[in-house]
Amino acid sequence: GRNANAVIVAEPNSGDVVAVVGGRDVGSDGFNRALDARRPIGSLVKPAVYLAALETGRYNAATLIDDAPIELKLSDGSVWAPQNFDHQVYGPVPMAHALAESLNLASVRLGLDVGLPKVADTLQRLGLENRPILNPSLLLGTVEMTPLEVVQVYTSLANGGFRARLRAVRAVIDEHGRPLKTFPVQVEAAAPPAAVYQLDRMLTLVTTHGTGREAAARLPRGTVIAGKTGTSSDTRDSWFAGFTGSYLAVAWVGYDDNRVTGLT
């Protein structure tokens, strides 16, 4: 179980995938984690939860949501009692702060208020192919996705609510340079631009004040980055998805055998 990583960089406007790293040892084992490894996305799911809330028109960045303990009895009779990462409770917090600090309790309450079906619908409109299981833990990212699928979803957020189908080949040409087949940009409406605009503004707080603030220190001063961190349960998977005006990058770090990394 070596530790592994995957990175994909794309241009959201065109859907062009410009870089793929499937692991540390390039060309070693034929298993490309960026395309093939399905892992729980953790808090990378939260922008879809918050977007679903913004779309209702009942919420905005300043709306207070309650970060308070919650216990849910599940259909199998078990009780689900999520915790914040630091095991603290913060009470009523503005929605933008709850997202920037990735507060689990506030996010779960928000998602339950909006409803699991609407959150799943939003994820699918953004670009997730298969409908996720409607379990409350979906709100904390138990849904498993490949890095490529995460890129597809976040492209819609980076694009102001328009989903560009990812492509790695623009055209196939013959020996005389004539195109045999082209792959045009395919763009479809995914979410209301006004709601996505609000969400993207909130996602910039992640990198200025929130869980992604370490990233800002490593980038040129003044770079505006919208992004989201994600950590799956017991720190087995660590994710970051971020975008500027031109590029979107998704990175995953973990172990192939699913051991704990201890990384956030």
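Conventions used here
- Position numbers for residues start from 1 in each chain and track the written sequence from start to end.
- Only residues with pLDDT of at least 70 are given local features in this predicted model, and only at 80 or more are side-chain atom pairs given and counted; all residues enter the totals for whole chains, interfaces and linings.
- Side-chain measures were taken over the full set of non-hydrogen atoms in the model, leaving aside hydrogen atoms and water.
- What makes a nonpolar core is a set of buried Ala, Val, Leu, Ile, Met, Phe, Trp, Tyr and Cys residues whose side-chain atoms join them at distances within 4.5 Å.
- Working definition: with a 1.4 Å probe on protein chains only, accessible area under 20% of the residue-type maximum means buried, over 50% means exposed, and in between means partly exposed.
- Elements are defined by DSSP. Helices are runs of H or I of four residues or more, strands are runs of E of two residues or more, and each kind is numbered from the N terminus.
- In what follows, residue pairs with any heavy atoms lying within 4.5 Å of each other are defined as contacts.
- Each C-beta atom gives one direction from the helix axis, and the arc is the one those directions make.
- Helix span is expected to be 1.5 Å times the residue number reduced by one.
- We define a salt bridge as a contact between a side-chain nitrogen of Lys or Arg and a carboxyl oxygen of Asp or Glu at a distance within 4 Å.

Draft legend 1. Focus on the nonpolar core. With 63 residues, the main nonpolar core has Tyr50, Ile65, Met95 and Tyr154 as its most contacted residues. At 7 residues, the largest contribution of residues to this core is made by helix 2 (residues 46–55). With near-sequence residues (within four places) excluded, Ile65 lies in contact with Tyr50, Tyr59, Gly91, Pro92, Val93, Met95, Ala98, Ala106 and Leu110.

Draft legend 2. Quick look at helix 5 (residues 116–126). For helix 5, the complete set of buried residues consists of Leu116, Val119, Ala120, Thr122, Leu123 and Leu126. Projected onto a plane normal to the axis of helix 5, the buried residues spread over an arc of 160° and lie on a single side. Buried positions along helix 5 lie against helix 2, helix 4 (104–114), helix 6 (147–158) and strand 9 (162–164). Gly127 sits one or two positions beyond helix 5 and adopts a positive phi of about 145°.

Draft legend 3. Spotlight on the environment of Gly222. Here Gly222 lies in the loop between helix 8 (213–217) and strand 13 (226–231). In sequence terms Gly222 and Val153 are 69 residues apart; their C-alpha atoms lie 26 Å from each other.

Draft legend 4. A look at the side chain of Ser156. Within the secondary structure layout, Ser156 lies in helix 6. When near neighbours in sequence (up to four residues on either side) are disregarded, Ser156 contacts Leu126, Gly161, Phe162, Arg163, Ala190 and Val196.

Draft legend 5. Seen up close, helix 6. With 12 residues, helix 6 should reach 16 Å at 1.5 Å per residue; the first-to-last C-alpha distance of 16 Å fits that figure. Burial within helix 6 is extensive, with 10 of its 12 residues counted as buried. Along helix 6, the residues classified as buried are Pro147, Glu149, Val150, Val151, Gln152, Val153, Tyr154, Thr155, Ser156 and Leu157. The positive-phi residue at the C-terminal boundary of helix 6 is Gly160, with phi of around 70°.

Draft legend 6. Highlighting the pattern of salt bridges. According to the stated counting rule, one finds 13 salt bridges in the structure shown. Residue Asp16 pairs with Arg167 through a salt bridge whose shortest N-O separation is 2.4 Å. Taken as a pair, Asp16 in strand 2 (residues 16–21) and Arg167 in the loop between strand 9 and strand 10 (171–173) lie far apart in primary sequence, 151 residues in all. Accessibility classification places Asp16 together with Arg167 in one group, the buried group. We note a salt bridge from Asp16 to Arg170, for which the minimum N-O separation is 2.6 Å. Pair noted here: Asp16 is in strand 2 and Arg170 is in the loop between strand 9 and strand 10, with a separation of 154 residues, a long-range link. Given the relative accessible area of 54%, Arg170 is considered exposed. Taken together, the salt bridges that share partners define one network made up of Asp16, Arg167 and Arg170.

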